[in-house]
Structure formats: C-alpha cells, structure tokens
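This is what each chain is made of:
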Amino acid sequence: MNLHEYQAKQIFSQYGIPIPRGRVAANPAEAKQIAEELGGKVVVKSQVLVGGRGKAGGIRLAKSSQEAEELATLILGMEIKGLPVRKVLVDEAVSIEKEIYLGITNDRSSRKPVLMASAEGGVDIEEVAARTPEKIIKILIDPLLGLREYQSRDVAVSIDLPKPFWRSFISLAESLWRVYRETDATLVEINPLVITKDQRLLALDGKMSIDDNALFRHTDLAEKRDLDIEAPAEIEARKYGLSYIKLDGEIGCMVNGAGLAMATMDIIKLYGGSPANFLDIGGGAGADKVAAALRIILSDANVKAVLINIFGGITRCDEVARGILAAIGEVKPSVPMVVRLVGTNAEEGRRLLADAQMITAETLVEAAQKSVQVAQGGA
Amino acid sequence: MSILINKHSRVVVQGITGHEGSFHAQQMIAYGTNVVAGVTPGKGGEWVLDGKVPVFDSVKVAVEATGANVSVIFVPARFAADAIFEAADSGVPLIFCITEGIPVQDMMVVRAYLDQKGVRLVGPNCPGALTPGEAKVGIIPGNIAIPGDIGVVSRSGTLTYEVLYALKLHGMGASTCVGIGGDPVNGTPFIDALSLFEADPYTERVILIGEIGGSDEEKAAEYISRHMTKPVVAFIAGQTAPPGKRMGHAGAIIEGGSGTAADKIQALNNAGVRVARHPEEIPSLLRS
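Note that the structure is predicted; figures quoted are calculated from it, not measured.

Participant: How should I be thinking about the overall build of chain B in this particular structure?
Facilitator: Secondary structure assignment for chain B yields 10 helices and 14 strands. Computed over C-alpha atoms, the radius of gyration of chain B comes to 19 Å, within 12% of the 19 Å expected from 2.2 N^0.38 for 288 residues, which places it in the range of a compact globule. With the C-alpha coordinates of chain B rotated into their principal frame, the extents come out at 55 × 50 × 30 Å. Expressed as a percentage of the 288 residues in chain B, the buried residues total 62%. A fraction of 73% describes how many contacts in chain B between residues 6 or more apart in sequence connect residues 24 or more apart.

Set out below in structure tokens:
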C-alpha cells in the first residue's frame, strides 16, 4: 500500500526528519490560507500516487498567496495519468544548493534491507542508476542488527557529503531506518534530500510503501489507503481477501494460487484467447469467497466466458463447488463457464456441479481450448 | 529415493488443532507419514486425530518426548515467525512453513537468524514437500504423484500439483517434489534444492517451476550451467502478467527492470534448460 507524499512526510517528521513547513489543502481557499501563513512563496504539489507529477505540471512554484490559490485551482482540476488530484500539498519554497537521494527498501536478492544513497538525487535518479551505477551507494543492513552508525557515516563519506552535515545525516538515516522498521515499510524514500542555501538538510519529497501483509499491526496506516488508484472491483476483491487485477481480455479466470493463475492466463493466450483478469482465490478459500470471486468476474462486461481452474490442496474442491453454486443461484450468469476441478475432494466437487450445466475439462490444455472456443461463440 | 523427507522423517505439526492443521495432519497420516506430535499452546496433554497424535504445549517438549526432526507450520501469519523461531530453538533441523501472508520484514529477521543457526526452512507460503510412496509434509495432495526419478522444485503451490499430475498421467514419477514458496524472502532458494537433487542418487532429471519477479530463476540458471550434470526442464509462469504498478525509484534502482518471464526464459535457455510453453508440455520435453 502506497502513501501520499504529505502522509509520508508527516511520518518522517514524527521520527525527527526535517521537512519543509507546509500543510495539505483540499480546495484553493485553504491553499491560499496556508500560503499566507508561510509568507507567500510556496510550492503547490499535487498529491496523487503516480510518478512524474512534476513533468505533468502537477508541481508548481507560486510567488504569492494569490498565485498559490490560482495554481491550486488549476492543479485540483487536473487528472494525472488518469488519477484525479483531490489534494495539494502547500510547502514553503526553499533555496536548494544540492540534491541527494536516500532510500531504504527490501533487497530480494540478498534477503536483507538495503540503504541506497546518491550524491546525484532528483528526478533523474533512475537514469543515474542505469548509466552510472557506481554513483549509487548500496549498503546492506543486517536485519538482526539494524542500521549501524558506521554504515551511515560510510554513506556520508561515499556521497561526498560535506563534513559539517555528517552528524545530522547520520541521525536522519537512523530516523529513516526506524520509519522503515516500525511501519513495516517495503520502501521509504527521500528524493530529493536537499542541502538548502542556508545549510540545512531537508526532506523535500517523501515516498512510502507499506507491506500489505503487515497492515494487521498498523491499523492507523491501513486507514490511509487511497482507493482512487484501484478499480472498484479490486477494492471489492480485497474485502474478501481475493487478489484480483482487471485486464482487457474476454475470458474471466478464477484460479487458486498465483502461479497457477498466471499459468492459466498464459495458456489462454497460447491457445488464441485473452484473459479478462488475474484472480487468485488464495489457499483454503471457502464457499463465500468463491461466490464473491465469481460475482466480481461477472461484473466485467467484457467477459464472454469464465474459466474456473482449481487444483485442490489446502483448498477443497467441494467448498469451491458450493461457492460456485451459491454464486450462480444469485447472479444467474449468461456466459458459458468451463470448470476444471482436480485434487483435494475433487470428486465430491464434480458431483455437486453435475447438475449445473457447466462445461467440464480434464486437463489444462482442454480447459483453455474449450474456454477460448466458447468465448469466441463456438459450442 | 528422495531429498529432505522420507519414511523415516518424524514430523511435528505446529497448529495441529486449527482448521487447516488438523485437516492436513490427517491427510499426512493417511499418506503414511510418520506424524509423531502436534503443538498447540494450551492444549498440551490432549490426543487428536482418532487418538493417534499427542498434543504438546511447546515444540521443545514435543521434540523431547517424540524425537521429532521435521516441523510443519500451519499457524496464522501473525504468529508464524514466532512459530519458526520456536522450532529452530527447539533443535528441529528442518522446518516447513505453509502459512501465507507473513510480513516480509518478519521473514528477513527469521532468515538471518536461521542462517546463523544452520537450520533449514522451506517456505513460507509453500505447499511443503512430497516424496511419493514415502511421506508428505504439507498440503500437496498425495494421490496426484507416483514414485519415480524426477526431482521437482517450484516457487508455486498449485502450479506444482498441475505438473505432478501431468507427469502421473504420462506414467512418470517424482523422487521428491518440493515447493519453496513464492514470497520475496524464503528459506530455501532454487539453487539449494537443485544442489540437493544433484547430490541425490535417485534423482535423474529435474523440473524447475518458476514465476515472474525477483532473480532466483536467473541465479538457478547460472547454477545449472556451472554445477548440474542432470538435465533440467523448466516452466516460467507470468508471460502475460501485466507489469506491476511501481512507486518510487528504489525498486527500479535495485532490480534494474529484471524479473520478467522473458528474461528468465532467456537465462534458462542460455544454461541449456528447455522451457515448456505450458505445464502439460513438460512430460514430452522430459522424454525427448
């Protein structure tokens, strides 16, 4: 789950990381009010969960509170990459001497957190990483020890940070580590971390992603989820603990397990069809979850056929069959459904579905071929 | 024969009185697995599964009383890391964690700790292992595989069943099938399982089932080209998966855009591994 810049910076600030003075506004009048409090010269920043806000014109400098109001009106009426701007962050404008990159994320390869820093922070950091990887300093953190002071000091030296800033940089890195650790973040990033003309370190921007699996112990953060970036069906799916991603095709898929779900999408494509969605009902899904999954799939008007591919393990095929029957009774689907049940309690599942007039398949290839055929109008 | 588990394995089930734990412990016993104990704090002293399996309050006591040497964990995600620590601290050398949804930072700490202790973890978010005809630890349906000389290692759960089942329909069997789990931080990566299969005299061929994300398949490809004498056939899921919505730059900097199905298939092909177009094509690739 991703947080907005203003939310991330509020958290940074609670952990002692210096951020610019500023507040979030939901309308132009509020933006004007905040700009007046900050002395007029401000940056008005759209709060949407996509990259490239600046290049899209969603971050603008205002020289007066009047101009801040005008820019807020403009930006609050924008859509950036399809997302409506509902809030703007109004921050004091600062004079920048230098831009640094600082972030902590999970390094899958080493299975440890990694702290990354670069003297060449700013919007082109990915280009810096691709072209001159030696300019990105990476320090692996032992999860049992945490970030050690010497590591932060090494980073400060490696990015040629002037010596007077070392102490505040080390303390800032320590704070960022604590944010990462204590919020179960998968990403905490300050880009840019600036040295201001008046010689302060300041986190000008902030990004945070939180591990969805850890939200049970961060209910305060879970409430901050921005639903704009998700399709309504995806929100509905999450309520039932389903993993659903809408795609552009016409064969709705219900599968247990992410790997098998992807393999099922792949084989539909291989046989000339196109998957309408990724949907993993997870392990051990009961009848109610299956019914919800089928309702969500059928809510997509593009769906011309449904392929249900269940290989029972921790999931029991009889439970799945009950869910299918419950959903059919409720939504009365008008599209053909191809069902393949194998594994735990498959026989009972097939017996339950025997009277439901569904197309059955023994193998994955057969299931894919039949669903492509019926989706294209064949019998 | 096998890797990791066989008919002599003595299994303790953590979370044996839960919905999943009791169902799958029953299935393991029905398959012939030597399930010697269960653990549920607060239910020590009870006997479950038709009075066949004693329940203990802690793994430590279960190990002392029964000599269990393999643990399988079915406890909910929020308690799973603790269950793994408990098993490791009780002297269990091999732990299978079936639980899905464990926070990734929990797993990074677990992994660092287990590496220091020299304890092997398989999973989490995995189906466990099956040595056909001998034992199963976890949730792989026993009846979908027959004994044979093919080692199977997979990041996926149900996709693994698909492959075992396809093998069985062609009269082909597995030495051991091990699901290593799909989480970003797991206990046993592909290369560990590959080296176990390479060393197992009863495994003649190996199937590797991967999926998009991370770089474990690429590392496996490198390992295969350098160290494997046994032929390997692979399948990679996720060729049609849309690229994930990414935020911030750290992911791009650290992974550099790798992890696609095409990258992985290329790396495996370069290592001399034949990659199937779909799971049911694997048997014919093994024959040719």
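Moving on, there is more to tell.
Participant: When you look at the UniProt feature "active site" (unreviewed entry) in chain B in this model, what are you seeing that I'm missing?
Facilitator: Look at the UniProt record and you will see "active site" (unreviewed entry) annotated at H249 of chain B. For H249 of chain B, the position within the fold is in the loop between β13 (232-237) and α8 (250-255). With residues near it in sequence (within four places) discarded, H249 of chain B still touches Y101, V123, I125, E126, E189 and N191 of chain A.

Participant: What is the right way to look at the sheet that holds strand β2 (residues 22-25) of chain A in this model?
Facilitator: Residues and elements named next belong to chain A. Taken in spatial order, the 4 strands line up as β2-β7-β3-β4 in an open sheet, and their pairing is antiparallel. Among the strands making up the open sheet, the edge pair consists of β2 and β4 (59-62). Strand-to-strand twist of the sheet, defined as the mean angle between neighbouring strand axes without regard to direction, takes the value 20°. Its contacts with the sheet put helix α1 (residues 5-14) on β2, β3 (42-46) and β7 (88-92), and the angle it makes with β7 is roughly 50°. Strands β3, β4 and β7 of the sheet are contacted by helix α3 (residues 65-76), whose axis makes an angle of about 165° with β4.

Participant: Got a minute to help me understand the UniProt feature "binding site: substrate" (unreviewed entry) in chain B in this structure?
Facilitator: UniProt feature "binding site: substrate" (unreviewed entry): in the numbering of this structure it lies at Y161 of chain B. Structurally, Y161 of chain B is set in helix α5 (residues 158-169).

Participant: Explanation requested: the packing of helix α3 (residues 77-89) of chain B against helix α4 (residues 104-117) of chain B in the structure shown.
Facilitator: For any two helices packed against each other, one specifies the crossing angle of their axes together with the interaxial distance. All names here are of chain B. Two elements in contact, α3 and α4, have axes whose closest approach is 10 Å; the angle formed by their N-to-C orientations is 5°. Of the possible angle classes, the one that applies to α3 and α4 is roughly parallel. Residue-level inspection shows A81, I84, F85, A88 and D89 of α3 in contact with α4, the latter providing D106, M107, V109, V110, Y113, L114 and K117. By residue class, the composition of the contact of α3 with α4 is 9 nonpolar, no polar and 3 charged.

Participant: For this particular structure, what's the right way to read helix α12 (residues 346-353) of chain A?
Facilitator: An α-helical turn contains 3.6 residues, so a residue and the one three or four places further along point in the same direction. Residue and element names in this part refer to chain A. The complete set of buried residues in α12 reads A346, G349 and L353. Mapping the buried residues of α12 onto a view down its axis gives an arc of 60°, with all of them on the same face. Opposite the buried face of α12, at more than 90 degrees from it, the exposed residues are E347 and R351.

What counts and how
- Residues numbered from 1 in each chain as written.
- Chains lettered and ligands numbered in written order.
- Predicted model: local features only at pLDDT ≥ 70, side-chain atom pairs only at ≥ 80, totals over all residues.
- Heavy atoms only, no water.
- Helix = DSSP H or I, 4+ residues; strand = E, 2+ residues; numbered from the N terminus.
- Rg over C-alpha atoms; globule rule 2.2 N^0.38 Å.
- Buried < 20%, exposed > 50% of the residue type's maximum accessible area, 1.4 Å probe, protein only.
- Contact = heavy atoms within 4.5 Å.
- UniProt positions renumbered as here; feature names shortened; annotations may be inferred.
- Pairing = 2+ DSSP bridges.
- Axes fitted to C-alpha atoms, helices over the stretch in contact; angles between N-to-C directions.
- Parallel < 35°, antiparallel > 145°, perpendicular 65-115°, else oblique.
- Nonpolar A, V, L, I, M, F, W, Y, C, P; charged D, E, K, R; others polar.
- Arc of directions from axis to C-beta.

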